[in-house]
Amino acid sequence: MVFERYDVIVVGGGHAGCEAASAAARLGSRVLLVTLNLSTIAQMSCNPAMGGIAKGQIVREIDALGGFSGIVTDHTMIQFRMLNRSKGPAMWSPRAQSDRIKFSQKWQEILIDIPNLHIWQDGVNGLVVEEGKVKGVQTAMGGKIYARAVIITSGTFLNGKIHVGKNQMEGGRLGESNSSGLTRDLLKYGIESDRLKTGTPVRVDGRSINFEVLTEQEGDPTPGKFSYLDTPPLKKQRSCYLAYTNQKVHDILREGFADSPLFTGRIQGSGPRYCPSIEDKIDRFSERPRHQLFVEPEGFDTEEYYINGFSSSLPIDTQIKALQAIEGFEHARVLRPGYAIEYDYFPPTQLEFSLESRHVSNLYFAGQVNGTTGYEEAAGQGLMAGINAHRKLAGEDPVVLKRSEAYIGVLIDDLVTKGTREPYRMFTSRAEFRILLRQDNADKRLTRLGYEIGTAGRERLEKLERKENLVRKMTGFLEQHNALPEAVNDYLEKAGTSLIQRKARYANLLLRPQVNLPDLIAQDHTLRSYFHGFSGEDVYQEALESVEIEIKYSGYIEKEREIAEKITRLEDVRLNKDIDYMSFKAIRMEGREKLQQIKPENIGQAARISGITPSDISVLLVHLGR
């Protein structure tokens, strides 16, 4: 076979692969996306949803940088909810239920519309490497395809093995073949691999569910969206539902433990701590009488439901029997069984912060092959790998996001600095600067960067500038003008906060937790008159939310910004790649070995390595003459 020569080859058509391929191609590289199945590009293998706690922030960051995950989600969602509204804005996280089929179709439309992005259906079972630099890939159909850089985004397909009870089968997803050979080839170049495990629950025919006894979970009355662009608003929503296991369900599940691959040792890979199978949950939390399940529709035009929280690799008859013991599922018909899948991954401490391999030049890894779980984490890595692969070929420095800049920065820093021995999932608690990394300000944090590197267009920049201009005007008015007692005291009394005896700055009133800006505007004629002049702006609602958050939490935001700036100064203290850490006798052996293995780029990253102590950092600073 004769192929064109490409700048970048992306191996795998999942969420990481789609973002990687589209980013590199739009920046100007000639890109080939190689995938095992053209019809399952961007397939939602697990739950049909995007976003959630911390994950929603990642999707907004991808969008702010010019990626497509937010746009695809907005075009294909069937429900939207802003989670954690009862908590502070650092915890607010957008989540959308998606139409599984339309999500994949929309991604395919986007990829096809990028002129210098080609797609090829095939497997990849090896690399072409010369003098330590990747030169292309060897395909399963026997052809070599040459490129200057390769990005591996193979998801769960590398030597994937599916488990259902005692039954095992090779596969990357149920009904799809796995990919073999590539891991074995990578080992030749000194790249280490290991095994992880994840799983998925039964899918149920909604016509067999008694929804009347379940708790309905509707979407937000005024649904939001992910993209900062003018994507279509969601006009019609489908409800999700809550169900619960019970003691009878747990007893039935325990009957299948003897045939469980999880408990009999047939599964060797580590499973996800924060999304365990139902059998793992009832074993680890045996004192709990029930567990919550989320019953989620898979699209507008289907009756297939995903039973979130009921992931299982138990025998099929045990799964069905236990399912039918749940209230509302007495007559449930299962469309697809739950299963566990084991797959190869490559411990990410072998990567540079650009996601390039330390063993093979111009080879990048992104997504579940780096040990993560979730579409959002994969997509964020894919975007950065695509950007950095293109930039290296163009002779430009990589883009490495700081922990104080983005959840994507936290994600990659955690992976490369600390590694992971179980599927990594992002949480707000992993980010020490989560007040700065809110879902509402991802554009402010990242869009200018996206515009500078070429992934975000002028339209995004201009919209950000309009929003920032509006925020400045609104904030200035609230800080400089006063509310009169007769205008706001009725509202303050209803809100359950103390009345004012004399005029007070609007901004000071907003510091009260009981007071919110939209209600204050509705109550006060002066405010209503001023803000009405901006209500026709396309960024009005976004600006309004940002103004209230930044005023109400200004003290916390400023304190966190000061801490971030201090830590950033440590990031500026560079460490030479040639340092021989084994020669530092004042550092314990564990610290020396980890520093030697990871080769941190700066003092800040060295300090975050597990096992590195403050005294170790002091030794390094003395060595640097600080």
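Placed above this text is the structure.
Residues numbered from 1 in each chain as written. Predicted model: local features only at pLDDT ≥ 70, side-chain atom pairs only at ≥ 80, totals over all residues. Heavy atoms only, no water.

Before going further, it helps to spend a moment on the overall build of the protein chain. On a plain count of helices and strands, the protein chain comes out with 21 helices and 21 strands. Taken over C-alpha atoms, the radius of gyration comes to 26 Å for the protein chain, in line with the 25 Å a tight globule of 626 residues would show. Its C-alpha atoms put the protein chain at 80 × 70 × 55 Å along the principal axes. Counted over contacts in the protein chain with a minimum sequence separation of 6, partners at least 24 positions apart contribute 72%. A total of about 25,900 Å² of accessible surface is found on the protein chain, and carbon and sulfur atoms cover 48% of it. Side-chain charges of the protein chain comprise 81 positive and 82 negative groups, with the mean position of each set lying 2 Å from the other. (Helix = DSSP H or I, 4+ residues; strand = E, 2+ residues; numbered from the N terminus. Rg over C-alpha atoms; globule rule 2.2 N^0.38 Å. Contact = heavy atoms within 4.5 Å. Areas by Shrake-Rupley, 256 points an atom, 1.4 Å probe, with all protein chains shown as cover. Lys, Arg positive; Asp, Glu negative; His and termini not counted. Charge placed at Lys NZ, Arg CZ, Asp CG, Glu CD.)

Turning our attention to the packing of aromatic side chains. Using the criterion set out here, one finds eleven aromatic pairs in the structure. Between Phe477 and Tyr506, the ring centres sit 6.4 Å apart and the planes meet at 15 degrees, which makes this aromatic pair stacked. Highlighted residues: Phe477 in helix α12 (residues 458-480) and Tyr506 in helix α14 (residues 506-510), separated in sequence by 29 residues. By relative accessible area, which is 0% here, Tyr506 ends up buried. Where Tyr530 meets Phe534, the ring centres are 5.1 Å apart and the plane angle is 75 degrees; that geometry is what we call edge-to-face. (Phe/Tyr/Trp six-rings, centres within 6.5 Å; stacked < 30°, edge-to-face > 60°. Buried < 20%, exposed > 50% of the residue type's maximum accessible area, 1.4 Å probe, protein only.)

Within strand β14 (residues 240-244), four of the five residues are buried, leaving the element largely enclosed by the surrounding structure. Both β14 and strand β15 (residues 292-297) contribute to a ladder of four bridges, which runs antiparallel. Bridge pairing in β15 links Ala243 to Leu293. (Pairing = 2+ DSSP bridges.)

Counting buried residues along helix α2 (residues 55-64), ten of its ten residues qualify, which places the element largely inside the surrounding structure. Once α2 ends, the next one or two residues include Gly66, with phi positive near 105 degrees.

This next bit is on the state of the cysteines. Using the criterion set out here, one finds zero disulfides in the structure. Cysteine Cys18 remains unbridged, with the sulfur of Cys46 as its closest cysteine sulfur at 17 Å. The exposure class assigned to Cys18 is buried, which follows from its relative accessible area of 0%. Looking at Cys46, the relative accessible area reads 22%, which means it is partly exposed. (Disulfide = S-S within 2.5 Å.)

Okay, the pairing of strand β18 (residues 339-345) next. Judged by how many residues are buried, β18 sits mostly within the fold: seven of seven residues are covered. Alignment of strand β10 (residues 161-164) against β18, held across three bridges, turns out to be antiparallel. The residue bridging Lys161 from the neighbouring strand is Glu342, located in β18. When strand β12 (residues 194-205) meets β18, the two strands line up antiparallel, connected through seven bridges. By the bridge assignment, Gly199 is partnered in β18 with Ala340.

Let's shift gears to the environment of Ser498. Of note, Ser498 is situated in the loop between α13 (485-495) and β21 (504-505). Under the relative-accessibility criterion, Ser498 is labelled partly exposed at 48%. For Ser498 and Ala487, which are eleven residues apart along the polypeptide, the C-alpha to C-alpha distance reads 14 Å. Once you skip the residues sitting within four places of it in the chain, Ser498 turns out to touch Leu492 and Arg512.

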